[in-house]
Amino acid sequence: MARGYDGAVMKVFGAQEHTVTVTAVEDVTPHYRRVTVEAPTFFDGKTLEPACFVRLWAPDGSGREHQRGYTVVDPDPDAGRFSLEFLLHEPAGPASAWARAAKPGDTIQMSWWASPHFVTPDPAPDGYLLIGDAASVPGINAILATVPDTTPVEVLLEQFHDLDREIPVTPHPRCTVTWLPATGDPATLAGAVEERDWSNWFAWVTGESATAKQVRARLKELGFPKPDVHGRAYWSKGRAMGTDRPKATVERRPAPSVRAGQWRSRAGARLLAPLRSRLIAAGLVQTLVSLLQVAPYLLLVELCRRLLAGEGDLARLAVPALALMGAGAALAGLLVVAMHVVDARFGHQVRTAVVDKLSRLPLGWFTTHSSGRIKRAVQDDTADLHYLVTHAVLDLVAALVAPLAVLAYLATVSGWLTGILLIPLVVFFFLTARMLQSSSSQLARFTTWEARVGSEAVAYLDGLAVARAYDAGRAGGFRASLGERARFLDAWQRPLSSRKTLVDLVTRPLTSLLLIVVAGGLLTRAGVLDPLDLLPFLLLGVTFGSQLLAAAYGMGSIRDARAAAQRIGLLLDEPELSRPERPARLAGDRHTVRFEDVQFSYDGRHTVLDGVTLALSPGTVTALVGPSGAGKSTLAALLARFHDPVAGRITVDGVDLRDLTADELYRTVGFVFQETMLVRGSVHENIALARPDATRAEVERAARAAGIHERITRLPAGYDTHDARLSGGEAQRLAIARTFLADPAVLVLDEATAYADPESEHQVQQALSRLAAGRTVLVIAHRLHTVTGADAIVVLDGGRIAQQGTHSELLATPGLYRELWQAARPEQVTV
Amino acid sequence: MIDLVGDRRAAARYLGLLAVSAVIRAGAVLSLVPLLPALLDGGDVLGPAALLAVLVVAGWVVDHRVAGAGFTIGFGLLNGLEGRLLDRLERIPLGWLTDDRRAEVRQALTSAGRELCSAVAWLVTPAVNALLTPALIGLGLLLVAPPLGLVALAAVPLLLGTLWASMRCVKAADASYAAASREAGARVIELAQAQPALRAAGRAGTDGTAVGRALARQRAAVLRLVGFGVPGQLMFGLATQAALLALAAAAVLADVTGPRAVALVVVAVRFVEPFTTLAELSPALQNLRGTVARVRSLLAAPTLAGTGATPDRDAPAIELRDVRFGYEPGVATVDGVSFTVRHGTTTAVVGPSGAGKSTLLALVARFHEADAGSVRVFGRDVRDYDPADLMRQLGIVFQHPYLFEASLLDNVRLGAPDATEEEVRAAASAAQLDEVVDRLPDGWDTRVGERGATLSGGERQRVSIARALLKRAPILLLDEATAALDNANEQAVVRALEAGGRDRATLIVAHRLGTIARADQILFLDGGRVTEAGTLDELLAAGGGFAAYWRHREQAAGWTLTPAG
């Protein structure tokens, strides 16, 4: 069977064909047919990804076969069975026609070759918009199977036949399916896409080609960036697909009134946007520089020409040569200086933006995200950007411009010889493509191996002490893994190595030289080529091939920089704490704190606080107790505005926390939690952090109150000691001294603070007792016996207040408090 | 890197073939000297063309062999290196593995083999070729056109020198950038870690804060990089262009006929080109040097050796005599400590943090070696034991228990792989693991995940204790083993430890009173020295540092938060 161009391409690239047999045919609707086939060897060595499709060769009855792609449905690798679903449309294309006539026992040929599949975008989209028609359903079903249950999905399908609605769509808790009857106007479906903020949604557009085109135009209007739209037409109305399609005209519609949304996937591009014009300008200058650097060779050509012609005047060429060199160097120097300036400014801007962003993020963000992410953004990612600006772009342009300019020049000298010079490159592409094709499955295994060995290495090193102490065998598992990986690499690369060597030999300069000499010689003998024209080739043409190939490697650092920009961009897009438009002020020093029906959840799914209403009277100590996970720490953290409540509010003297600036809030509310936070600087600076103009006397008074003054005087430089090495408990007392100096009227406290450093536990406890005097205190208690003296004990359970009262009141009442108290009783036994 | 290879013959063969390949290449280039004039003039081309063709084809054949030899070496490295690294690692004292070294070792283990394998074929081969070929061309030119040959040979060291200088500039620029970046980065990380405190103090932005100043300094540092950037990026290019023109001029001045001069000019261009290749390869070569350095540092790390001493059961189990040790030179963490632990007794080490308690245990287990004094186990210095023999005498419970990705039972069984099931369960019960097993879905067979992730801190500690109990080693070293346990569990574990206490010597670092109350000997360690030693009653009666410490611990246990002015 003739297969035409497609067949030739697939054959050259080594696609594997399989013959499959039809085992069942089912008409889901009169126009939608499901064909089940069996192919025992089809799944060998293939990993199944969502929405992957096969290419089948459908006969058209006249001796020719056409290649069509269909999504795999219900694959069963063990049995070697899967299904395909065909939309039977009129007039029928080859695949449709074949499906219509298919019966069990028929055979057809299929191939996996080059079938892209659905890859979940990273970062995961906020929602999915899946648009198409009955032909799209298999793909859409496959995607729905991978989407998490909490992500909303909108499916818009164009209905061409009444019974299309009967075609089953995979159920999904947050998916709405809308079938729109087709009106004959391709723009109908596009018009059905709502005008709303589609920020961070991902669109998958398939189906009829004219409709798909309209939909994609509409999505573009709505602001969808290109990477967030996947579009592929599956069939053309009125035409057997594959031949020329009628041109679909796209209507201009009025611009949408809703502000186009902002996609997270574009965060990196947004970050780099100010750089873009400068990088382009730099690229242009670099082009000029590269051309100037090629110029000396042209002068050499001229020199050679004069030598052959016997002309004398050779020294005069020296002047332009030197001038070109000088100009090239000067321009290049200016360019380097300019790019460094650009980088210094831009880098500073980015880092400042990150730091300022940090000061606006909710404090709770810092406990859930490791500082590693920030370190990466500020150091490693900005280093990638630095490299991008100062080196990568310039190098890439230089690497591309020179060989391309040479190519253009040589083509003007002799088209024939230039064509011959390109042969090694063409051979290179073919050989490499074949190699990639045959080893692509291995590549995936390689990445898996790297990840596995990496994590096993970490585990091995971490467990080394234990392994040694317990003689846990000679690192058996890890050693075996390493050995297996080495064997895998050996088996993979060894056969490839001879091919790679061949490729290398083909593209090396001497091969090109031989080609030029031989071909050039023949052409000159034949009178087609003027011997003088050989000169440019001999001087310039020998290496341009390998230079062009080397340019490909430059793309890697551009990719890295874009990934780095994306990471920084995402960091800068994190949601911030709201800021008050008209900030309020608090007066006096006796404040009442109220929690009014406060609800909170960290991730939107799991509720941590479920309507807590509580009042803290001025000057009282309120203790939060309860089983772990009840929400004590969270409630206390909300008062320190680590997060904002999802519903309800927290007020101080009737003023919502959100209406206070950070400065005003923290003048009034202080907190002492388990993490000690010392900053670089002297002890004095650490204590006086909130009040930089405090006198030494005031600082000392605070230190005495915190019980750390003695310890400080024993330091090498006393209060002026920089980066003092203090134990956990000593650092904690320093933080308490800081709070003494800041003197907030309301205090949020974690009782376990003291417990962190058992050695100085006692001193920290005394300091906390002193700190609590005269303030409104909210304390998180892990050990019940520490808060028996509190004015009010609030028992939290499952995010709600279960009981409230004093210690004796609560003990007298049967309830959670009494149970907890009795369970903790054995504490009394040990000292 | 050659000595890493091990197989000398393969290396010799490879280098020999490389040399031949370079000679052929140079020859091919020089064959242009007779060939081009013939081509341009219309003379007899056949002879020289045939010569060129033969040389090029010979070059293909030889290079194919070179590649083969290179791959043999490369694959040899791939298959053998990792095994050698692991062998070495097993004999390295654990104290050598600081955090930095750990990262390097990890990198060496995971990617060194692969990198070295591909480096030989794709990096070393072209680099050596690029080095040798121009020199050989220069030598050939000496025979053909001496003035040009001289200029060429003079250009070789000049160009190499410029390349080296330019690489140094780039390296200095990178180092300077990294330093500036680190400083500012550290400030930002501190900002992130102390954000709550800074926010509460109103010092969180870039305005007038330390962070802001650090960032400004970094910007200034980046601007100064220009001083490195300009020479680094331009010097070499300029040098090659200058060399080219100089060679061209020399070719012309060599006073030869037109076509021959042209041929020499073409040869000059072919002469300069390998230097550019070398420049392109240099970043990768730098990386290769880094990898090789990492591998070599691991292979050269000190190893624990022993002289095969055997324990003397009559001697005290543990004996330290005037031991001194410091992590950093000049700072003595252990400053003249002496004590003895006899078989059948329990010794507790107590004291303020940083006093060196855990270090004592590490010295007994030979994770570090004492700077002065002697550490003896069963009468022999720990350095005289074979590492495995020493470990056989010790059961260790670490401060941060590490569990392997295996079932709970297997993790406990690690203590004594040949133990019967009853023995394993008995040890686990003694360590209070029964309630943990009841809680887990698969009981004993529950996989405790990577690094024992599904268990709480206290539960992991109990597994660790069970492991040590199972081993029944004559010496038990416990480092804060009960820190994460609640009171009931702590008491039970202490009882279990006591139960077997007569059969072994126990050295325990702890600060929980229940754990140390009944020790036969309590050592109070303060500032690296044992300031007090005795039983609990003796030390309390003495009313010294320990008594004060004990009192504080009691008060801490009974504290309630009552605002006190």
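Quantities reported herein were computed from a predicted structural model and do not represent experimental measurements.

Visitor: It is not clear to me how the sheet that holds strand β15 (residues 621-625) of chain A should be interpreted in this structure. Could you clarify?
Guide: Paired through their backbone hydrogen bonds, the strands of a sheet run either parallel or antiparallel. Residues and elements named next belong to chain A. The 6 strands lie next to each other as β18-β19-β20-β15-β21-β22, forming an open sheet whose pairing is mixed. Edge positions in the sheet fall to β18 (669-672) and β22 (800-805), since each of these pairs with one other strand and no more. The average angle at which neighbouring strand axes cross in this sheet is 20°, direction not considered. Helix-sheet contacts for helix α24 (residues 816-823) involve β15, β21 (792-797) and β22, and the interaxial angle to β21 is about 90°.

Visitor: Looking at this structure, how should I read the interface of chain B and chain A?
Guide: Many descriptions give the size of an interface as the accessible area lost when the pieces come together. Contacts between chain B and chain A engage 139 residues on the former and 134 residues on the latter. Taking both sides of the interface into account, the surface hidden between chain B and chain A amounts to around 12100 Å²; carbon and sulfur atoms contribute 69%. Of all residues in chain B, the largest losses of buried area upon contact with chain A belong to R199, W559 and L561 of chain B, amounting jointly to 7% of the total for that side. Joining chain B to chain A, the criterion identifies 8 salt bridges. With its nearest N and O atoms 3.6 Å apart, the salt bridge here joins R680 of chain A to E190 of chain B. Seen at the junction of chain B and chain A, the total is 25 residue pairs in polar contact (both at pLDDT 80 or more). With 17 residues, the single largest contributor to the side of chain B that touches chain A is helix α4 (residues 46-89) of chain B. Along the lines of polarity and charge, the residues of the side of chain B that touches chain A split into 79 nonpolar, 34 polar and 26 charged.

Visitor: In this structure, what is going on with helix α2 (residues 94-101) of chain A? I would like to understand it.
Guide: Each full turn of the α-helix corresponds to 3.6 residues, which orients residues three or four apart in the same direction. What α2 of chain A keeps buried is the set P94, A95, S96, W98 and A99 of chain A. On its buried side, α2 of chain A packs onto β1 (18-29), β2 (32-38), β3 (53-59), β4 (65-71), β6 (81-87) and β7 (107-111) of chain A.

Visitor: Before we go on, may I ask you to explain the side chain of D750 of chain A in this structure?
Guide: All names here are of chain A. Summarising the element assignment, D750 is placed in strand β19 (residues 746-750). Despite its burial, D750 pairs with no opposite charge; the closest candidate is K632, at 8.6 Å N-O. In this structure the side chain of D750 is engaged in a polar contact, spanning 3.3 Å, whose partner is the side chain of Q674. With residues up to four places along the chain from it excluded, the contact list for D750 reads V672, F673, Q674, I780 and H782.

Visitor: Looking at this structure, I do not really get the pairing of strand β7 (residues 475-479) of chain B. What am I missing?
Guide: Residues and elements named next belong to chain B. Of all 5 residues in β7, 5 are buried, a share of seventy percent or more. With burial as the criterion, each face of β7 is covered, one bearing I475, L477 and D479 and the other bearing L476 and L478. Sheet topology note: the strand β6 (residues 394-397)/β7 ladder contains 4 bridges and is parallel. Opposite L394, over in β7, you have I475 as the bridge partner. Pairing analysis gives 5 bridges linking β7 to strand β8 (residues 505-509), with the strands arranged parallel.

Visitor: I'm lost on the pattern of salt bridges in this one. Help?
Guide: Side chains that carry opposite charge are capable of pairing whenever their charged atoms lie near each other. This structure, assessed with the given rule, holds 55 salt bridges over all chains. Residues R567 of chain A and D381 of chain A are paired through a salt bridge, measuring 2.8 Å at the closest nitrogen-oxygen approach. Placement of R567 of chain A in helix α15 (residues 544-572) and of D381 of chain A in helix α9 (residues 371-413) is noted, with a sequence separation of 186 residues between them. Classification of D381 of chain A by relative accessible area gives buried; the value is 2%. Across the salt bridge formed by E421 of chain B and R425 of chain B, the nearest N and O atoms sit 2.8 Å from each other. Here the residue E421 of chain B and the residue R425 of chain B both occupy positions in helix α14 (residues 421-430), the gap between them amounting to 4 residues, near one helical turn. Overall, E421 of chain B belongs to the partly exposed group, its relative accessible area being 34%. Because the salt bridges share partners, they merge into one network encompassing E450 and R485 of chain A together with E82 and R114 of chain B.

Visitor: How should I be thinking about the packing of helix α6 (residues 146-193) of chain B against helix α8 (residues 210-224) of chain B in this particular structure?
Guide: All names here are of chain B. Relative to each other, α6 and α8 sit at 165°, their axes nearing to 9 Å. Here α6 lies roughly antiparallel to α8, going by the angle between them. For α6 against α8, the interelement crossing comes out left-handed. When α6 is examined against α8, the residues Y177, A180, S181, E183, A184, R187, V188 and L191 are found in contact with a partner set consisting of A210, V211, A214, L215, R217, Q218, A221 and V222. For the contact of α6 with α8, the residue count by class is 11 nonpolar, 2 polar and 3 charged.

Visitor: What exactly am I supposed to notice about the packing of aromatic side chains here?
Guide: A ring pair, where both rings are aromatic, is described by two values, the distance of the centres and the angle of the planes. All names here are of chain A. For the structure shown, the criterion picks out 28 aromatic pairs over all chains. Ring geometry for F446 versus W492: centroids 5.6 Å apart, planes at 45°, classification tilted. Highlighted residues: F446 in helix α10 (residues 415-462) and W492 in helix α12 (residues 476-507), separated in sequence by 46 residues. With centroids separated by 5.6 Å and ring planes inclined at 70°, the aromatic side chains of F642 and F673 adopt a geometry described as edge-to-face. One end of the pair, F642, is in the loop between α16 (632-639) and β16 (647-652); the other, F673, is in the loop between β18 and α18 (683-687), with 31 residues separating them in the sequence. The exposure class of F642 is buried, given its relative accessible area of 5%. Linked through ring pairs, W198, W201, F224 and W263 together constitute an aromatic cluster. Across from the ring centre of W201, 4.9 Å away, lies the NZ or CZ of R196, which sits over that ring.

Reading the values: rules and limits
- Residues numbered from 1 in each chain as written.
- Chains lettered and ligands numbered in written order.
- Predicted model: local features only at pLDDT ≥ 70, side-chain atom pairs only at ≥ 80, totals over all residues.
- Heavy atoms only, no water.
- Pairing = 2+ DSSP bridges.
- Helix = DSSP H or I, 4+ residues; strand = E, 2+ residues; numbered from the N terminus.
- Axes fitted to C-alpha atoms, helices over the stretch in contact; angles between N-to-C directions.
- Contact = heavy atoms within 4.5 Å.
- Buried area = accessible area lost by both parts, 1.4 Å probe.
- Salt bridge = Lys/Arg side-chain N within 4 Å of Asp/Glu carboxyl O.
- Polar contact = N/O pair within 3.5 Å; in protein donor to acceptor, adjacent residues only side chain to side chain.
- Nonpolar A, V, L, I, M, F, W, Y, C, P; charged D, E, K, R; others polar.
- Buried < 20%, exposed > 50% of the residue type's maximum accessible area, 1.4 Å probe, protein only.
- Lys, Arg positive; Asp, Glu negative; His and termini not counted.
- Parallel < 35°, antiparallel > 145°, perpendicular 65-115°, else oblique.
- Left-handed = near helix turned anticlockwise from the far one by under 90°.
- Phe/Tyr/Trp six-rings, centres within 6.5 Å; stacked < 30°, edge-to-face > 60°.
- Lys NZ or Arg CZ within 6 Å of the ring centre and 35° of its normal.

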